[in-house]
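These are the residues of each chain, in order.
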Amino acid sequence: MGFKLQYSKENAEAELGVIVIGYHEALRATLGALAAEKGTEDLAWFDQLHQVAIKAAEKTTTEGVPSEIGTKAVSQSVELIDNEFKSIRAGLLKDK
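Residues numbered from 1 in each chain as written. Predicted model: local features only at pLDDT ≥ 70, side-chain atom pairs only at ≥ 80, totals over all residues. Heavy atoms only, no water.

*Asks:* What exactly am I supposed to notice about the overall build of the protein here?
*Replies:* What the protein contains, in helices and strands, is three helices and zero strands. Seen through its principal axes, the protein has C-alpha atoms that stretch 45 × 25 × 25 Å. Nonlocal contacts in the protein, meaning residues at least 24 apart in sequence, comprise 59% of its contacts between residues at least 6 apart. Here the protein has roughly 7,400 Å² of accessible surface; of this, 57% comes from carbon and sulfur atoms. A gap of 4 Å separates the mean positions of the 11 positive and 15 negative side-chain charges of the protein. (Helix = DSSP H or I, 4+ residues; strand = E, 2+ residues; numbered from the N terminus. Contact = heavy atoms within 4.5 Å. Areas by Shrake-Rupley, 256 points an atom, 1.4 Å probe, with all protein chains shown as cover. Lys, Arg positive; Asp, Glu negative; His and termini not counted. Charge placed at Lys NZ, Arg CZ, Asp CG, Glu CD.)

Have a look at this one:
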């Protein structure tokens, strides 16, 4: 299933920034809800989701984007997701 993000070229920076923040908030809320359901004593489920998310991000295709820009953007996406999962995990452990 393909996904094409629609945004205004004239307001790309602002719109894409808000989109990233929305994804960030949604990820935190989703993982928080899962932690409430599954518990935080054993975070193997969380670590597995972390790896699934990283692998999915690494497979991102950047059709229509110059190769160098696409490669950099995918790398930044992977780094952002990795850091976000690490931050959320640390918060779950701290909240125990």
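So much for the structure itself; the text now carries on.
*Asks:* Would you explain the packing of aromatic side chains in this entry?
*Replies:* To describe a pair of aromatic rings, one takes the distance between the centres and the angle between the planes. Going through the model one piece at a time under the given rule, you end up with two aromatic pairs. Measuring from centroid to centroid gives 5.7 Å for Trp45 and Phe46, while their planes differ by 85°, and the two rings are edge-to-face. The exposure class assigned to Trp45 is buried, which follows from its relative accessible area of 13%. Overall, the relative accessible area of 0% leaves Phe46 in the buried class. These aromatic residues form a ring-pair network of at least three members: Trp45, Phe46 and Phe85. (Phe/Tyr/Trp six-rings, centres within 6.5 Å; stacked < 30°, edge-to-face > 60°. Buried < 20%, exposed > 50% of the residue type's maximum accessible area, 1.4 Å probe, protein only.)

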